[in-house]
Amino acid sequence: MVACADSLLCVPRRAPRSSVSCGQATEKVVLSTADGRRLLLQGCALGAPPSKASSKGVEALLKQLGFLQLDSINSVERAHHLILHTRLDGYAPSMLAHLAEKKRSLFEHWTHDASMIRADWRLWWSHRFVSARERMHKSAWFQGQLGKHGMRHIVKVREAIRDRGPLMARDFPRPKRAGAGWWDWSPQKAALEYLWRTGEVAIHSRCNFDKVYDLSERVYPEPAAHPPREAVVDWACDAALHRLGCATAREIAQFMNAVSMQEAKQWCLHAVQEGRVLSVGLARGASKCVDGVAVLDWKSRAAQPMQTSGARLLAPFDPLIRDRARLLDLFDFDYRFEAFVPAAKRRYGYYTMPVLLGDRLIARTDLASDREAGVLRVARVFLEKGCAVRSTLTATKEACDRLAAQLGLRVVFPRRCSKHTPA
């Protein structure tokens with residue numbers, strides 16, 4: 001890596017790209033990495049310029065995405081809000097709270113991680129409730145959090161919510177224990193998580209990002225249905241592929257973690273046989289071609305022009321980049337979220353956000369919000385290989401200016417940046 005004098009600009013080395021050789025997949029239709037990028041960008045609602053935010057607009061966007069990953073880190077802004085800021089001009093967190101807590105068009109639970117999910121998908125979650133119950137009963141760690149009288153705690157917490165109404169973990173007394181950490185829960189907190197993950201209680205609202213729990217039947221009048229497993233697999237795989245455009249069985253399975261890898265593989269085989277999807281080769285990385293499937297209209301989707309306007313910053317858990325292996329293969333972008341990496345071992349910074357311009361990731365920024373000073377502080381900018389310094393820095397600053405305006409802040413960049421000489 002080559003760094004300039006003021007440590008603002010760094011250019012990571014990359015191995016030269018070579019032509020793709022598809023081996024046994026040469027008889028199949030092969031989608032290029034450019035095709036894969038365009039299909040994914042469209043499915044992630046990044047194929048068009050940001051639209052003006054409104055309650056209806058946020059709801060429509062979440063229906064398109066399917067779900068929104070939640071995260072508590074507030075260094076710049078919480079990731080779920082950043083994901084919406086990227087796609088909507090004038091978005092405010094109150095819009096999301098209204099949909100989740102008043103209109104109830106969203107519910108909170110787990111996909112591949114804790115997420116806000118479109119409410120009409122809740123009928124598919126009964127299988128996840130059952131599997132969560134089985135998993136938590138077998139988990140030695142979780143049973144340790146519940147303590148010796150685990151089921152007694154669960155019953156008491158359930159009764160407290162029934163009798164007293166919506167409650168938070170802080171509403172229950174917490175015994176003091178030495179060495180308590182982030183994942184060291186009280187038995188009552190563990191009981192709340194058990195009841196939530198198994199579907200008995202739901203997230204009623206959030207208070208300073210703390211969960212407020214209530215009985216599910218009081219939050220969502222309609223009980224979750226219990227469709228056959230085959231129907232769940234068909235829905236989950238179809239919903240994933242619709243948003244990915246083309247994918248491997250692994251990518252389909254990991255989109256929501258609702259199905260196993262074997263179930264995704266079998267679905268791909270059957271869907272191809274039924275003519276609902278296409279069996280294709282997927283060019284990945286510098287020289288790979290892997291087996292995958294694509295939506296029937298992939299060619300017309302991929303041919304649609306990119307209607308973007310300016311660069312945008314992406315949150316670490318944005319739908320476009322959360323699958324790091326796919327990100328590296330399609331965008332040649334090696335990304336790691338370093339908030340939990342010891343400071344001395346970080347390569348880029350505590351909270352780095354990639355910069356998207358068109359269908360390319362051109363840079364990444366190390367930045368943080370200084371709310372007391374009213375500024376978004378950009379510590380460093382890292383250019384991707386082959387990107388011109390001046391134009392990339394200009395695009396990056398525009399992306400930072402846009403986000404800062406969304407957050408009600410102003411950008412502070414270092415005053416100078418030296419040109420670099422690639423190694």
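Remember, it's a predicted structure, so these values are computed and weren't measured experimentally. (Residues numbered from 1 in each chain as written. Predicted model: local features only at pLDDT ≥ 70, side-chain atom pairs only at ≥ 80, totals over all residues. Heavy atoms only, no water.)

**A short note on empty space enclosed by the protein**
And then number 1: A full pass over the atoms with the stated rule returns 3 cavities of 30 Å³ or more.
And then number 2: Of the volumes computed, that of the largest cavity is approximately 90 Å³.
And then number 3: Around the largest cavity, the lining residues are Leu40, Gly43, Cys44, Gln64, Leu65, Phe67, Arg243, Leu244, Phe255, Pro319, Arg322 and Arg326.
And then number 4: Of all the elements in the fold, those that place two or more residues in the lining of the largest cavity are α1 (33-43), α2 (55-65) and α10 (229-244).
And then number 5: Its residues assigned to classes, the lining of the largest cavity comprises 7 nonpolar, 2 polar and 3 charged.
And then number 6: A volume near 70 Å³ is recorded for the second largest cavity.
And then number 7: As for the second largest cavity, its lining consists of Phe107, Glu108, His109, Arg122, Phe129, Trp196, Gly199, Val201, Ala202, Ile203, Ser216 and Tyr220.
And then number 8: Mapped by element, the contributors of at least two residues to the lining of the second largest cavity are β7 (106-110) and β9 (201-207).
And then number 9: Looking at the lining of the second largest cavity residue by residue, the classes come out as 7 nonpolar, 3 polar and 2 charged. (1 Å grid on protein atoms, 1.4 Å probe; cavity = no way out; pocket = protein on both sides within 12 Å on 5 of 7 lines; lining within 4 Å. Points joined across faces, edges and corners; volume = space filled by probe spheres on them. Helix = DSSP H or I, 4+ residues; strand = E, 2+ residues; numbered from the N terminus. Nonpolar A, V, L, I, M, F, W, Y, C, P; charged D, E, K, R; others polar.)

**Focus on the environment of Gln406**
And then number 1: In this structure, Gln406 sits in helix α15 (residues 389-407).
And then number 2: Between the alpha carbons of Gln406 and His85 there is a distance of 6.8 Å; along the sequence they are 321 residues apart.
And then number 3: Those residues in contact with Gln406 that sit more than four places away from it in its chain are His85, Leu88, Asp89, Gly90 and Tyr91.
And then number 4: A distance of 3.1 Å separates the side chain of Gln406 from the backbone oxygen of His85, its partner in a polar contact. (Contact = heavy atoms within 4.5 Å. Polar contact = N/O pair within 3.5 Å; in protein donor to acceptor, adjacent residues only side chain to side chain.)

**Thoughts on the pattern of salt bridges**
And then number 1: A full pass over the atoms with the stated rule returns 27 salt bridges.
And then number 2: The salt bridge partner of Arg118 is Asp120, with a shortest N-O separation of 2.8 Å.
And then number 3: Looking at Asp120, the relative accessible area reads 42%, which means it is partly exposed.
And then number 4: Measuring nitrogen to oxygen at the nearest pair gives 2.5 Å for the salt bridge that ties Glu251 to Arg284. Pair noted here: Glu251 is in helix α11 (residues 249-256) and Arg284 is in strand β12 (residues 278-284), with a separation of 33 residues, a long-range link.
And then number 5: The buried category is assigned to Arg284, whose relative accessible area is 3%.
And then number 6: Linked by salt bridges that have partners in common, Lys189, Glu193, Arg197 and Lys211 make up one network. (Salt bridge = Lys/Arg side-chain N within 4 Å of Asp/Glu carboxyl O. Buried < 20%, exposed > 50% of the residue type's maximum accessible area, 1.4 Å probe, protein only.)

**Comments concerning the confidence of the model for the chain**
The predicted structure's coordinates, where accompanied by low pLDDT, should not be read in detail.
And then number 1: With 89% of its residues at a pLDDT of 70 or more, the chain has an overall mean of 89.
And then number 2: Low pLDDT, under 50, characterises residues 1-21; the stretch is placed with 69 contacts to residues that sit more than four places away or in other chains.
And then number 3: Segment residues 178-182 is flagged for pLDDT under 50; beyond a separation of four residues in sequence, or across chains, it makes 3 contacts in the model. (pLDDT = per-residue confidence, 0-100.)

**Observations concerning α15**
And then number 1: In this model, α15 (19 residues) spans 27 Å end to end at C-alpha, consistent with the 27 Å of a helix rising 1.5 Å per residue.
And then number 2: Within the sequence span of α15, burial applies to Val389, Thr392, Leu393, Ala395, Thr396, Ala399, Cys400, Leu403, Ala404 and Gln406.
And then number 3: Downstream of α15 by one or two residues, Gly408 has phi in the positive range, about 75°. (Expected span 1.5 Å × (residues − 1).)

**Examining the pairing of β12**
Within a regular beta strand, the side chains point alternately toward one face of the sheet and then the other, so they alternate between its two faces.
And then number 1: Buried residues dominate β12, accounting for 5 of its 7 residues.
And then number 2: Pairing analysis gives 2 bridges linking strand β3 (residues 30-31) to β12, with the strands arranged parallel. If you follow Leu31 over to β12, its bridge partner there is Leu282.
And then number 3: By the bridge criterion, 7 bridges tie β12 to strand β13 (residues 288-294) in an arrangement that is antiparallel. (Pairing = 2+ DSSP bridges.)

**Description of the sheet that holds β12**
And then number 1: Taken together, the 4 strands give an open sheet; going across it, the order is β3-β12-β13-β11, and neighbouring strands pair in mixed fashion. With one partner strand each, in any of the chains shown, β3 and β11 (246-247) form the two edges of the open sheet.

**Brief notes about the nonpolar core**
And then number 1: Ranked by internal contacts, the top residues of the largest apolar core, which has 107 residues, are Trp121, Trp125, Ile252, Met256, Trp267, Leu320 and Phe331.
And then number 2: The element that contributes the greatest number of residues to this core is α10, accounting for 9 residues.
And then number 3: Once residues within four sequence positions are removed from consideration, Trp267 is found in contact with Val233, Asp234, Cys237, Asp238, Leu241, Ile252, Arg276 and Val277.
And then number 4: Within the second largest apolar cluster, 21 residues are counted, among which are Leu146, Ala160, Ile161 and Tyr194. (Core = buried A, V, L, I, M, F, W, Y, C linked by side-chain atoms within 4.5 Å.)

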